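Listed here are the chains, written in short residue letters.
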Amino acid sequence: MASSRRPKRSPGYKQSLSAAGRLIYERMEELGMKQVDLAAASGLKPSKISRLLHDSHKKGNSYSISEIDINRISIALKWGKAGREKLRYTLFPELLCYD
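Residues numbered from 1 in each chain as written. Predicted model: local features only at pLDDT ≥ 70, side-chain atom pairs only at ≥ 80, totals over all residues. Heavy atoms only, no water.

Draft legend 1. Up close: the overall build of the protein chain. A count of helical and extended segments in the protein chain gives 5 helices and 0 strands. Taken across its 99 residues, the protein chain has 34% of its residues classed as buried. Accessible surface, the protein chain as shown: approximately 7,000 Å² in total, 54% of it carbon and sulfur. (Helix = DSSP H or I, 4+ residues; strand = E, 2+ residues; numbered from the N terminus. Buried < 20%, exposed > 50% of the residue type's maximum accessible area, 1.4 Å probe, protein only. Areas by Shrake-Rupley, 256 points an atom, 1.4 Å probe, with all protein chains shown as cover.)

Draft legend 2. Spatial organisation of the packing of helix α1 (residues 19-31) against helix α5 (residues 80-91). Packing of α1 against α5 brings their axes to within 8 Å, and their N-to-C directions diverge by 155°. Relative to α5, the element α1 lies roughly antiparallel. Listed contacts from α5 to Ala19, Ala20, Leu23 and Ile24 of α1 are Lys86, Leu87, Thr90 and Leu91. Broken down by class, the residue content of the contact of α1 with α5 amounts to 6 nonpolar, 1 polar and 1 charged. (Axes fitted to C-alpha atoms, helices over the stretch in contact; angles between N-to-C directions. Parallel < 35°, antiparallel > 145°, perpendicular 65-115°, else oblique. Contact = heavy atoms within 4.5 Å. Nonpolar A, V, L, I, M, F, W, Y, C, P; charged D, E, K, R; others polar.)

Draft legend 3. Focus on the pattern of salt bridges. Going through the model one piece at a time under the given rule, you end up with 6 salt bridges. Notably, a salt bridge pairs Lys48 with Asp69, separated by 2.8 Å at the nearest N-O pair. One end of the pair, Lys48, is in helix α3 (residues 46-54); the other, Asp69, is in helix α4 (residues 67-76), and 21 residues separate them in sequence. What makes Asp69 buried here is its relative accessible area of 6%. Among the charged side chains, a network of salt bridges with common partners joins Glu67, Arg84, Glu85 and Arg88. (Salt bridge = Lys/Arg side-chain N within 4 Å of Asp/Glu carboxyl O.)

Draft legend 4. Broad picture of the environment of Ile49. The topology assignment puts Ile49 in helix α3. Remark: the alpha-carbon pair of Ile49 and Ile73, spanning 24 residues in sequence, is separated by 9.1 Å. With sequence-adjacent residues up to four places away left out, Ile49 is seen in contact with Gln35, Leu38, Ala39, Ser42, Leu44 and Ile73.

Draft legend 5. Representation of the nonpolar core. Grouped together as the largest cluster of nonpolar side chains are 23 residues, with contacts concentrated most on Ile24, Leu38, Ile73, Leu77, Leu87 and Leu91. Among the elements of the structure, α1, α2 (35-42), α3, α4 and α5 are those that each provide at least two residues to this core. In terms of residues, this core owes the most to one element, α1, which gives 5 residues. In this structure, Leu38 is in contact with Ile24, Met28, Met33, Ile49, Ile73, Ala76 and Leu77, ignoring residues within four places of it in sequence. (Core = buried A, V, L, I, M, F, W, Y, C linked by side-chain atoms within 4.5 Å.)

Structure (structure tokens):
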């Protein structure tokens, strides 16, 4: 039987999250969700959620996020329109001058 506890981390461990990752992670913690829960609720692959949270740009780890992905994540996190827009502008700050 697999344990649902988080593995122990070293005392100096710091989780490096992207700006959007911090928004998503904070909301996940409020709702008691894990990455796999968000992936299941949003219909996105767990690897895509992980890459979004950690802003992975390493070779082979690239990703692209779409408006549909933003909508799915926002719905899964029960954010509503304001939360969705905050995530959208965090991911695409250049849109602020057009909207």
